Amino acid sequence: MTATAAETLATPPALALSVVIPVYNEAENVEELVSRVHAALADRDFELILIDDGSSDGTGALIDSLAQTRPWLRPVLLIRNYGQSTALQAGFDAARGSLIATLDGDLQNDPADIPELLRILDERPDIDLISGWRKDRQDAAMSRKLPSRIANRIIARVTGIQLRDNGCALKVYRREVIERLRLYGEQHRFIVALAVEAGARLMEVPVRHHPRTRGVSKYGIDRTVRVLLDLLWIRFSMRFLHRPLHAFGTIGAMLGLAGFAVLTWLAFDKLVLGEDIGQRPLLFLGMLLLLLGVQLVATGVLGELLTRIYHEPQGRPQYLTRGTPRSE
Ligand code: UDP
Ligand code: MG
């Protein structure tokens with residue numbers, strides 16, 4: 001029987017730990033990855049979920065054949081390349097562990113760090129999410145580390161969450177955190193902000209990092225623009241998701257009022273002073289401002305409607321509470 005994503009997540013955790021790793025064209029790394037994860041966790045109750053994100057280099061078949069002899073390895077094979085966030089989400093939907101660990105499939109993260117993160121989580125019931133910090137990062141300084149340092153500053157500023165390293169894939173979550181999230185687009189980079197927004201209490205712990213020795217990075221410098229756009233969405237959704245009319249309406253009302261003032265002034269010129277206003281640039285400015293204002297307010301009203309559609313038919317509450325409510 002096939003279960004839908006929602007059903008899978010709703011079933012109670014069947015084991016202690018799910019390790020979730022998305023891979024895209026990592027045929028050269030998969031076998032060693034699988035054996036390193038196993039070496040790190042062999043004595044535990046765990047599963048490894050490898051999501052093949054539509055690879056074209058045989059990664060999927062390789063994962064399948066490795067899984068034949070390893071009952072703890074569960075392949076999720078996506079039909080095409082959806083991108084890292086969706087691949088991660090597919091892994092989360094399949095995960096059955098009460099803790100969920102993620103890392104990259106290119107061996108830059110070290111599976112041997114997972115036990116230490118699990119130990120910390122075990123000792124700290126007040127923490128829901130441990131995020132790795134690549135303290136000694138092994139990537140090119142100019143093309144990778146510098147942009148990433150700037151991005152970390154901006155992200156901290158915009159989201160208000162002080163994280164030294166947003167780009168580290170090695171993280172361990174309590175299951176409840178993952179159940180409250182959905183990843184779209186490329187928003188795995190902001191997963192910590194999304195998690196904290198959903199109530200997760202966070203801790204950052206230094207982890208090892210290795211250079212990529214096989215395969216190539218799947219991203220170039222063009223990701224910068226996409227990161228900025230995603231950041232815009234994160235900021236908007238953190239502040240205005242439940243009140244879009246305030247976001248659009250405020251600007252709309254200001255522009256509209258300015259336009260109204262300009263047109264009133266021109267009407268006064270025309271009607272009282274009898275001046276000719278047809279050629280005045282101010283006339284166009286006033287009309288433009290008023291129109292823009294009305295449009296923005298209308299967009300805000302539509303946004304309010306969408307917010308209700310988003311929450312109500314889906315039975316999605318607009319708030320989250322800590323712990324599980326007691327049912328009588
Ligand atoms: N990845 C994926 N789908 C994609 C791109 C990347 O599943 O469309 C995987 C990739 O195989 C790796 C991880 O996401 O396991 C991180 O990718 P990469 O190492 O290329 O990113 P970088 O470390 O250079 O930021
Ligand atoms: Mg990498």
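The numbering scheme is per chain: residues are counted from 1 as the chain's sequence reads. In the order they appear in the text, chains get letters beginning with A and ligands get numbers beginning with 1. Selection of residues for local features in this predicted model requires a pLDDT of at least 70, selection of side-chain atom pairs for listing and counting requires 80 or more, and totals for whole chains, interfaces and linings are taken over all residues. To get the side-chain values, take all heavy atoms of the structure and skip hydrogens and water.

### As for the packing of helix H6 (residues 141-159) against helix H9 (residues 223-240)
Between two packed helices, the angle of one axis relative to the other and the distance separating the axes together describe the packing.
Working step 1: Only the contacting stretch of a helix is used when fitting its axis, a line to C-alpha atoms as for every element, and angles between N-to-C directions run 0 to 180 degrees. Helix and strand assignments follow DSSP, with helices taken as H or I runs no shorter than four residues and strands as E runs no shorter than two, numbered in order from the N terminus. At a minimum axis separation of 10 Å, H6 and H9 run at an interaxial angle of 15°. In terms of orientation, H6 and H9 fall into the roughly parallel class. Once H6 is placed against H9, the crossing between them reads as right-handed. Where H6 abuts H9, its residues Arg144, Ile154, Ile155, Val158 and Thr159 lie against Arg223, Leu231, Ile234, Arg235 and Met238. By the definition adopted for this analysis, an angle is roughly parallel if under 35 degrees, roughly antiparallel if over 145, roughly perpendicular if from 65 to 115, and oblique otherwise. Whether a crossing is left-handed or right-handed is set by the direction in which the near helix is turned from the far one by less than a right angle, anticlockwise for left-handed and clockwise for right-handed. By definition, residues are in contact when any of their heavy atoms lie within 4.5 Å.

### Digging into the environment of Ser143
Working step 1: In this structure, Ser143 sits in helix H6.
Working step 2: Here's how the labels work: a residue is buried when its accessible area is under 20% of the maximum for its type, exposed when over 50%, partly exposed in between, all with a 1.4 Å probe on protein chains only. Taking the relative accessible area as the measure of exposure, Ser143 reaches 44% and is therefore partly exposed.
Working step 3: Ser143 sits 35 residues away from Gln108 along the chain, and the two C-alpha atoms are 17 Å apart.

### Side note on the pairing of strand S6 (residues 171-174)
Working step 1: In S6, alternate side chains face the same way, and those of Lys171 and Tyr173 on one face and Val172 and Arg174 on the other are all buried.
Working step 2: Being paired, for any two strands, means DSSP has found at least two bridges between them. In this sheet, S6 lies alongside strand S4 (residues 97-102) in antiparallel orientation, the contact comprising four bridges. By the bridge assignment for S6, Thr102 is matched with Lys171.

### Examining the site of ligand 1
Working step 1: We call a residue near a molecule or strand as soon as one heavy atom of that residue lies within 4 Å of the molecule or strand. The environment of ligand 1 is formed by 18 residues, the closest being Asp53, Gly105, Asp106, Ser217 and Lys218.
Working step 2: Think of a polar contact as two N or O atoms within 3.5 Å of one another; within protein, one of them needs to be a possible hydrogen donor and the other a possible acceptor, and neighboring residues in sequence only count if both atoms come from side chains. Between ligand 1 and Tyr24 there is a distance of 2.8 Å, counted from an oxygen atom to a backbone nitrogen or oxygen.
Working step 3: When the free accessible area of ligand 1 is taken as 530 Å², the share hidden by the protein chains comes to 94%.
Working step 4: The residue inventory of the shell around ligand 1, partitioned by class, reads four nonpolar, six polar and eight charged. For the accessible areas, the method is Shrake-Rupley and the probe is 1.4 Å, while residue cover comes only from the protein chains on display. Only Asp, Glu, Lys and Arg are considered charged, only Ala, Val, Leu, Ile, Met, Phe, Trp, Tyr, Cys and Pro nonpolar, and every remaining residue, Gly among them, polar.

### Here's the deal with the packing of helix H10 (residues 244-271) against helix H11 (residues 281-311)
Working step 1: At a closest axis distance of 7 Å, the pairing of H10 and H11 adopts a crossing angle of 155°. The pairing of H10 with H11 is recorded here as roughly antiparallel in orientation. For H10 against H11, the interelement crossing comes out left-handed.
Working step 2: Looking at the contact of H10 with H11 residue by residue, the classes come out as 21 nonpolar, 10 polar and one charged.

### A short note on the coordination of the magnesium ion (ligand 2)
Working step 1: Taken together, Asp106 (OD) and Gln108 (OE1) make up the protein donors of the magnesium ion (ligand 2), found 1.9 to 2.3 Å from the metal. Just as Asp106 is buried, Gln108 falls in that class too. Metal donors were taken as nitrogen, oxygen and sulfur atoms no farther than 2.8 Å from the ion, or 3.2 Å where the ion is Na, K or Ca. Water is excluded, so coordination may look unfinished.

### Concerning empty space enclosed by the protein
Working step 1: Only protein atoms enter the 1 Å grid, on which a cavity is a set of points fitting a 1.4 Å probe that cannot get out and a pocket is an open set with protein on both sides within 12 Å along at least 5 of 7 lines, lining residues being those with an atom within 4 Å of a point. Grid points are joined across faces, edges and corners, and a volume is the space filled by probe spheres set on the points. As enumerated under the stated definition, the model contains one cavity of 30 Å³ or more in all.
Working step 2: Quantified by volume, the largest cavity comes out at close to 40 Å³.
Working step 3: If you go around the largest cavity, the residues you meet are Ile155, Thr159, Ile161, Leu163, Asn166, Arg189, Phe190, Val192 and Ala193.
Working step 4: Counting only elements with at least two residues in the lining of the largest cavity, the list comes to H6 and helix H8 (191-197).
Working step 5: A class-by-class count of the residues in the lining of the largest cavity yields six nonpolar, two polar and one charged.

### Topic: the sheet that holds S4
Working step 1: Strand order in the open sheet formed by seven strands is S3-S2-S1-S4-S6-S5-S7, with mixed pairing between adjacent strands. Of all the strands in the sheet, just strand S3 (73-77) and strand S7 (202-207) have a single pairing partner and so form its edges. Here the average twist between neighbouring strands, direction ignored, is 20°.
Working step 2: Here strand S2 (residues 46-52) pairs with S3 via five bridges, running parallel. Along S3, the bridge assignment pairs Leu50 with Pro75.
Working step 3: Set on the sheet, helix H3 (residues 59-68) makes contact with strand S1 (15-23), S2 and S3; between it and S3 the angle comes to about 155°.

### Structural notes on the confidence of the model for the protein chain
Working step 1: With 95% of its residues at a pLDDT of 70 or more, the protein chain shows a mean pLDDT of 91.
Working step 2: Least confident of the elements in the protein chain is helix H1 (residues 5-10), whose mean pLDDT is 51; most confident is S6, at 98. Within a predicted model, pLDDT stands for the predictor's per-residue confidence, ranging from 0 to 100.

### Regarding unusual backbone geometry
Working step 1: Phi is positive for Asn25, close to 50°, though the residue is something other than glycine.
Working step 2: Looking at where Asn25 falls in the secondary structure, it is placed in the loop between S1 and helix H2 (27-41).

### Observations regarding the packing of aromatic side chains
Working step 1: Planes of paired rings set the category: under 30 degrees apart is stacked, over 60 is edge-to-face and the rest tilted, where pairs are Phe, Tyr or Trp rings (Trp by its six-membered ring) whose centres lie within 6.5 Å. One pass over the full model with this rule turns up five aromatic pairs.
Working step 2: Ring plane angle 35° and centroid distance 5.3 Å describe the contact between Phe46 and Trp72, whose orientation is recorded as tilted. Here Phe46 is found in strand S2, whereas its partner Trp72 is found in the loop between H3 and S3, with 26 residues between them in sequence. Like Phe46, the residue Trp72 is buried in the burial classification.
Working step 3: A ring pair is formed by Phe236 and Phe240, whose centres lie 6.0 Å apart and whose planes are at 45°; its orientation type is tilted. Here Phe240 and Phe236 lie together in helix H9, a separation of four residues that amounts to about one turn.
Working step 4: Overall, Phe236 belongs to the partly exposed group, its relative accessible area being 23%.

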